[in-house]
Amino acid sequence: MIGNLQVLRAFAALAVVLYHTSYPLINGRPSDFQGVAIFFVISGFIMSYVVLKDDKQSKADKFLLHRFVRLVPFYWLCVVAFIYLSNLGLLNLSQTLPRLGALLANDWLGALRWVASGFNLTIHYSIQEIVKTLFFIPYKDVNGDYHPILGVGWTLNLEVYFFIIFALTLLWRKAYAPTIGYLEIYEICQL
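Attention here is on the structure that accompanies the text. Everything quoted here is computed from the prediction, not taken from an experiment.

About the criteria used
- Residues numbered from 1 in each chain as written.
- Predicted model: local features only at pLDDT ≥ 70, side-chain atom pairs only at ≥ 80, totals over all residues.
- Heavy atoms only, no water.
- Helix = DSSP H or I, 4+ residues; strand = E, 2+ residues; numbered from the N terminus.
- Contact = heavy atoms within 4.5 Å.
- Areas by Shrake-Rupley, 256 points an atom, 1.4 Å probe, with all protein chains shown as cover.
- Core = buried A, V, L, I, M, F, W, Y, C linked by side-chain atoms within 4.5 Å.
- Buried < 20%, exposed > 50% of the residue type's maximum accessible area, 1.4 Å probe, protein only.
- Lys, Arg positive; Asp, Glu negative; His and termini not counted.
- Salt bridge = Lys/Arg side-chain N within 4 Å of Asp/Glu carboxyl O.
- Phe/Tyr/Trp six-rings, centres within 6.5 Å; stacked < 30°, edge-to-face > 60°.

### Description of the overall build of the chain
Counting its regular elements, the chain contains 8 helices and 0 strands. For the chain, the succession of helices and strands along the chain, N to C, is α-α-α-α-α-α-α-α. The contacts of the chain with a sequence gap of at least 6 include a subset with a gap of at least 24, amounting to 57%. A total accessible area of about 12100 Å² is found for the chain, and carbon and sulfur atoms account for 66% of it.

### A short note on the nonpolar core
By size, the foremost hydrophobic cluster in this structure holds 23 residues, and its most contacted members are Phe63, Phe136 and Phe166. Within the residue set of this core, elements represented by two or more residues are helix 2 (35–53), helix 3 (60–88), helix 6 (127–134) and helix 7 (154–172). Counting 5 residues, the second-largest nonpolar core is a separate cluster that includes Tyr84, Leu88, Leu103 and Ala111.

### Focus on the side chain of Glu159
With respect to the helices and strands, the residue Glu159 is situated in helix 7. It is Arg70 that comes nearest to the buried, bridge-free Glu159 among opposite-charge side chains, at 5.5 Å.

### Details of the packing of aromatic side chains
Under the definition given, this model contains 7 aromatic pairs. Taking the centre distance of 4.9 Å and the plane angle of 20 degrees together, the rings of Tyr75 and Phe136 count as stacked. Here Tyr75 is found in helix 3, whereas its partner Phe136 is found in the loop between helix 6 and helix 7, with 61 residues between them in sequence. Across the pair, Phe136 and Tyr75 agree in class, each one buried. The interplanar angle of 40 degrees and the centroid separation of 5.5 Å between the aromatic rings of Phe162 and Phe166 together place this pair among those described as tilted. Separated by 4 residues within a single helix, Phe162 and Phe166 lie in helix 7, roughly one turn from each other. Exposure remark for Phe166: the relative accessible area of 1% places this residue in the buried category. Here a set of aromatic residues connected by ring pairs shows up, and it is made of Phe63, Phe68, Phe162, Phe163 and Phe166.

### Let's talk about unusual backbone geometry
Although it is not a glycine, Phe136 adopts a positive phi angle of roughly 60 degrees. Overall, Phe136 belongs to the buried group, its relative accessible area being 9%.

In short, geometric facts, not functional conclusions.
Shown next as structure tokens:
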């Protein structure tokens, strides 16, 4: 049963990826098929099922550690890579590749300096924005929206919030964790 749900969760994640790439599916328009909501609901059910079934996973510290080890290192790598590529202007390849080609052809040392300049992570973002993004703390961006530097990270902010609520509920009463978890998922899906 859980295997089938994992496949459905994978399809929900794929639907979200397709939506973010603007890949047209229905009448030439992209659709996420409510992928985020489906993903969160299935994830909440699987977490509840595993925690209630397995005593090792029912301890709040083990639960949080397991989730954070799977999530945080890759997220941090993606955020730092995004900032680096943004600093180099590589998020807009049509403008950057000709510049890079000219630098490599005429001034290879200049090309090396340009590549090294991307390591100054505070060119476009403040230290506060970087720290808040890395530690899943929501903040208002320049447009007044609550988004981390890596825009799609907003879902991870919600997921981390859910993990913390779920773990605190495990500390209080293991049997209430699924109910409180589902209520939190319902609130998330209403956003």
